[in-house]
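Residues per chain are reported as follows:
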Amino acid sequence: MTDPVVISGAMWVILSFFIAHWMLSVLFQSFFQHRYAAHRMFTMGPKTERFFHALTFLIQGSSYLSPRAYAWLHREHHAFSDTERDPHSPHTFKDVFRMMWQTKIRYAGFVNRTLLPEERFQAGYPEWKLIDETLANSKLVTLGFIAAYTAVYAAFATTWWLWLLLPIHFMMGPVHGAIVNWCGHKYGYRNFNTSDKSRNTLPMDVLCMGELFQNNHHTWGMSPNFAARKFEVDPTWQFIKVLSWARVIEIATPQRAVWPAPHLRQSVVDQGTAPAS
């Protein structure tokens, strides 16, 4: 018989570090880059914006995403969802790796302004040259983040399999993007009959902090709550509610996702796959 796996205190440090980095990175991607920069679902003062901008950079580290480039990509995604002009649809690429490689190329073009989207997408997002152009594009800064992650593993990783988690820290943002854009338009249930192929992958989306409610989000594009049914839980919305209650931010849109949708004739399409409420 093989001995049972015993998780030591040092192992718990690594696992806690990984989970914290994963959850915080996707939380701030959903909160700041997605719901704020791309959609402007809420407003905040200039100093508060700078605080969250800097905090997003520090948390996401080596895989930080420019809010401007993110907003351009995401607005294109909504405008052309699951068509040939969608920058990251799983229905126009053979596999997730090709989808993300093409997304990377387009994102890099947006960051460097060698590519520009349609003019209608080019306004209303936070920009900070020091972070978005200087620090985020610095190889030295990127290596500094990688060295910091590696130092944690060097100090606490006591078995080889823990080191398999380390590379995920380096590219956390693209990993989140691959999961959301591939799974969110390919696997799960549909609450609403949208013109695209968006789906809700998880009814309680703790993994990606609400981002996997793609069908709900593509139906209610300006709702800061991506959950629409009683059993669905959107953790980022809970975070937004707390900040709104504390008057750190102000929710700017009255729209809220509801099920069934009064503006759609057929609200639930896949009756056989949608969980019962």
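As a reminder, the structure under discussion sits directly above these lines.
**Q** Whenever I open this one, the side chain of histidine 217 confuses me. Can you help?
**A** With respect to the helices, strands and loops of the structure, histidine 217 is situated in helix α9 (residues 214-219). The residues contacting histidine 217, other than those within four sequence positions of it, are His34, His39, Met41, His74, His78 and Phe226.

**Q** It is not clear to me how the nonpolar core should be interpreted in this structure. Could you clarify?
**A** Buried together is how nonpolar side chains tend to be arranged in soluble globular proteins. If you look at the biggest cluster of nonpolar residues, it comprises 24 residues, and the most contacted ones within it are Phe28, Phe31, Phe42, Met44, Phe52, Ile240 and Ile249. Breaking this core down by element, the ones donating at least two residues are α1 (9-38), α2 (46-60) and α10 (235-245). In terms of residues, this core owes the most to one element, α1, which gives 6 residues. Not counting residues up to four positions away in its chain, the partners in contact with phenylalanine 42 are Phe31, Arg35, Tyr36, Ile240, Ile249, Glu250, Ile251 and Ala252. Core analysis: the next-biggest nonpolar cluster, separate from the first, contains 17 residues, Ile14, Trp22, Phe145 and Leu166 among them.

**Q** Which parts of the structure should I look at to understand the packing of aromatic side chains?
**A** Two aromatic rings are characterised by how far apart their centres lie and by the angle between their planes. Evaluated as defined, the whole model comprises 21 aromatic pairs. Plain terms: the ring middles of phenylalanine 17 and tyrosine 153 are 6.4 Å apart, the flat faces sit at 70° to each other, and that makes the pair edge-to-face. Separated by 136 residues along the polypeptide, phenylalanine 17 in helix α1 and tyrosine 153 in helix α6 (residues 139-156) bring together distant segments of the chain. Here a set of aromatic residues connected by ring pairs shows up, and it is made of Phe17, Phe57, Tyr64, Phe145, Tyr149, Tyr153, Trp163 and Phe170. Directly above the aromatic system of phenylalanine 226 lies the positively charged group of arginine 35, at a separation of 3.7 Å from the ring centroid. Looking at arginine 68, its charged tip hangs above the ring of tryptophan 72, at a distance of 4.8 Å from the centre.

**Q** It is not clear to me how the pattern of salt bridges should be interpreted in this structure. Could you clarify?
**A** Across all of its chains, the model carries 9 salt bridges by this definition. Among the ionic pairs, glutamate 211 bridges to arginine 35, the shortest N-O distance being 4.0 Å. Linking glutamate 211 in the loop between α8 (172-183) and α9 with arginine 35 in helix α1, this pair joins segments that are 176 residues apart in sequence. Of the two residues, glutamate 211 and arginine 35, neither departs from the other in class, the shared state being buried. Between arginine 68 and glutamate 127 there is a salt bridge, with the nearest N and O atoms lying 3.3 Å from each other. With a gap of 59 residues between them, arginine 68 in helix α3 (residues 67-79) and glutamate 127 in the loop between α4 (96-112) and α5 (129-135) connect regions that are remote in the sequence. We classify arginine 68 as buried; its relative accessible area is 4%. It is possible to trace a salt-bridge network through shared partners that takes in Arg35, Glu211 and Asp234.

**Q** I keep staring at the environment of lysine 94 and nothing clicks. Help me out?
**A** Relative to the elements of secondary structure, lysine 94 occurs in the loop between α3 and α4. With 93 residues separating them along the chain, lysine 94 and tyrosine 187 place their C-alpha atoms 15 Å apart.

**Q** Teacher, can you tell me more about the packing of α4 against α8 here?
**A** The axes of two packed helices give the description: the angle between them and the distance between them. At a minimum axis distance of 10 Å, the contact between α4 and α8 shows a crossing angle of 120°. With respect to α8, the element α4 is oriented oblique. The way α4 lies across α8 gives a crossing that is right-handed. Touching Val96, Met99 and Met100 of α4 are Pro174, Gly177, Ala178, Asn181 and Trp182, all from α8.

**Q** When you look at unusual backbone geometry in this model, what are you seeing that I'm missing?
**A** The bulk of non-glycine residues show a negative phi, and the bulk of peptide bonds are trans. In this structure, the amide linkage connecting tryptophan 259 to the following residue, proline 260, adopts the cis form with an omega of 0°. Within the secondary structure, proline 260 is located in the segment after β2 (250-251). Look at aspartate 82: it is not a glycine, yet its phi comes out positive at around 60°. Mapped onto the secondary structure, aspartate 82 falls in the loop between α3 and α4. At methionine 209, a residue that is not glycine, the phi angle is positive and equals roughly 55°. Checked against the element boundaries, methionine 209 lands in the loop between α8 and α9. The buried category is assigned to methionine 209, whose relative accessible area is 9%.

Each value, and the rule that gives it
- Residues numbered from 1 in each chain as written.
- Predicted model: local features only at pLDDT ≥ 70, side-chain atom pairs only at ≥ 80, totals over all residues.
- Heavy atoms only, no water.
- Helix = DSSP H or I, 4+ residues; strand = E, 2+ residues; numbered from the N terminus.
- Contact = heavy atoms within 4.5 Å.
- Core = buried A, V, L, I, M, F, W, Y, C linked by side-chain atoms within 4.5 Å.
- Buried < 20%, exposed > 50% of the residue type's maximum accessible area, 1.4 Å probe, protein only.
- Phe/Tyr/Trp six-rings, centres within 6.5 Å; stacked < 30°, edge-to-face > 60°.
- Lys NZ or Arg CZ within 6 Å of the ring centre and 35° of its normal.
- Salt bridge = Lys/Arg side-chain N within 4 Å of Asp/Glu carboxyl O.
- Axes fitted to C-alpha atoms, helices over the stretch in contact; angles between N-to-C directions.
- Parallel < 35°, antiparallel > 145°, perpendicular 65-115°, else oblique.
- Left-handed = near helix turned anticlockwise from the far one by under 90°.

The quantities given are spatial measurements derived from coordinates; they are silent on function.
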